[in-house]
Amino acid sequence: MKHDLDPIDHESLSNTVYATLCDALIQGRFQPGDRLKIRDLAGQLGTSVTPIRDAILRLAHDEAIVFRSARDIRIPDVSEDRYLEIRSIRIRLEALAAEAAAQLATGADIDALETIMRDNEEALKNGDRLAGTRFNQAFHLALPKIARLPVLDGILHRIWLQMGPLIADSYLQGGRAMVDYHYPVIDALRRHDSAAAARAIVDDIVLGGKAIMDRVEQARAILGKV
């Protein structure tokens, strides 16, 4: 009996694997220093090694992983200089997203952000690092979508590929600071106050991200002793 099923082409499978690994990186399922094994990933995802290898090469191009050889693929540690550069870029681009989002945010958008915050609060209360990181990422990447800026959304997505593991590694240490600075952003969006929205997201990145900066400095201190 013929079911008229379309074959899954290699490119489609490679894109699916790449998207899956992107989500895992952004949501903190890998941590800085983790070693990735192509065969292990293929086993977990139920694919051959070829689409995994293709995705790994794309992620290396995105600077989200370090591909030294087929046997040495790692999630990179982020140096202080690199972190500060990425933070400066995030400040400018996420402030732009927040400014534009404040002009266009609907009641449904505000409700969606508040739902993310309720879930984020629950994750923090339960000490769930992965869920907390996922909701934190969802909050930030909602802003360019609300602003209807797809190009900016793509740029920020690539930046978050590089930051996801580090943010996850710092999440529980950050405690309330990882969520408290989001509430002024929602309030500014509700009032359609672009300037306040931009200031609030900058405060979140700089002040709310203190634990991330502490993590980077701790790593530098450890390396300095080696």
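Residues numbered from 1 in each chain as written. Predicted model: local features only at pLDDT ≥ 70, side-chain atom pairs only at ≥ 80, totals over all residues. Heavy atoms only, no water.

## Describing the overall build of the protein
Tallying secondary structure elements over the protein gives 11 helices and 3 strands in all. If you list the helices and strands of the protein from N to C, you get α-β-α-α-β-β-α-α-α-α-α-α-α-α. Taking 2.2 N^0.38 as the reference for a compact globule, 226 residues should give roughly 17 Å; the C-alpha atoms of the protein span a radius of gyration of 19 Å, in line with that estimate. Along the three orthogonal principal directions, the C-alpha set of the protein runs to about 60 × 55 × 35 Å. (Helix = DSSP H or I, 4+ residues; strand = E, 2+ residues; numbered from the N terminus. Rg over C-alpha atoms; globule rule 2.2 N^0.38 Å.)

## Here we look at the pattern of salt bridges
Evaluated as defined, the whole model comprises 17 salt bridges. Across the salt bridge formed by Arg82 and Glu63, the nearest N and O atoms sit 3.3 Å from each other. On the criterion of sequence distance, the pair formed by Arg82 in helix H4 (residues 80-104) and Glu63 in the loop between helix H3 (49-61) and strand E2 (66-69) is long-range, its members being 19 residues apart. Overall, Arg82 belongs to the partly exposed group, its relative accessible area being 29%. Note on Glu63: relative accessible area 41%, which makes it partly exposed. We note a salt bridge from Asp180 to Arg176, for which the minimum N-O separation is 2.6 Å. Residue classification places Arg176 among the partly exposed residues on the basis of a relative accessible area of 39%. (Salt bridge = Lys/Arg side-chain N within 4 Å of Asp/Glu carboxyl O. Buried < 20%, exposed > 50% of the residue type's maximum accessible area, 1.4 Å probe, protein only.)

## A look at the environment of Ala98
Structurally, Ala98 can be placed in helix H4. Classification of Ala98 by relative accessible area gives buried; the value is 0%. Expressed as a C-alpha distance, the spacing of Ala98 and Arg199, which sit 101 residues apart in the sequence, is 8.9 Å. For Ala98, the residues in contact, after removing those within four places along its chain, are Leu143, Leu189, Ala197, Ala198 and Ile201. (Contact = heavy atoms within 4.5 Å.)

## Describing helix H7 (residues 150-174)
Residues separated by three or four positions in an α-helix point in the same direction, a consequence of the helix having 3.6 residues per turn. Given a rise of 1.5 Å per residue, 25 residues ought to cover 36 Å, yet the end C-alpha atoms of H7 are separated by just 30 Å, more than 12% below that figure. Roughly 50 degrees is the biggest bend found in H7, and it falls at Met163, with proline Pro165 one to four residues downstream. Remark: Gly175 follows H7 within two positions and exhibits a positive phi of approximately 60 degrees. (Expected span 1.5 Å × (residues − 1). Bend = angle between axes of the 7 residues up to and from the residue.)

## Some words on the sheet that holds strand E1 (residues 35-36)
The strand order across the open sheet formed by 3 strands is E1-E3-E2, and the pairing between neighbours is antiparallel. The sheet is open, and its two edges are formed by E1 and E2, each paired on a single side. In the sheet, E1 pairs with strand E3 (residues 72-74) via 2 bridges, with the strands oriented antiparallel. Bridge pairing in E3 places Leu36 opposite Ile73. (Pairing = 2+ DSSP bridges.)

## With respect to the packing of H4 against H7
For the pair H4 and H7, interaxial distance at closest approach is 11 Å and the crossing angle is 140 degrees. Relative to H7, the element H4 lies oblique. Seen along the crossing, H4 lies across H7 with a hand that is left-handed. Here H4 contributes Arg82, Tyr83, Ile86, Ile89, Arg90, Leu93, Glu94, Leu96 and Ala97 to the contact with H7, which in turn contributes Leu152, Ile155, Leu156, Ile159, Trp160, Gln162, Met163, Leu166 and Ile167. (Axes fitted to C-alpha atoms, helices over the stretch in contact; angles between N-to-C directions. Parallel < 35°, antiparallel > 145°, perpendicular 65-115°, else oblique. Left-handed = near helix turned anticlockwise from the far one by under 90°.)

## Some words on the packing of helix H6 (residues 129-146) against H7
Interaxial distance between H6 and H7 falls to 10 Å at its minimum, and their mutual angle equals 155 degrees. Taken together, the axes of H6 and H7 lie roughly antiparallel to each other. As H6 packs across H7, the resulting crossing turns out to be right-handed. In contact with Arg129, Gly132, Thr133, Asn136, Gln137, His140, Leu141, Pro144 and Lys145 of H6, H7 contributes Leu152, Asp153, Leu156, His157, Trp160, Gly164, Ile167, Ala168, Asp169, Tyr171 and Leu172. Residues that form the contact of H6 with H7 fall into these classes: 9 nonpolar, 7 polar and 4 charged. (Nonpolar A, V, L, I, M, F, W, Y, C, P; charged D, E, K, R; others polar.)

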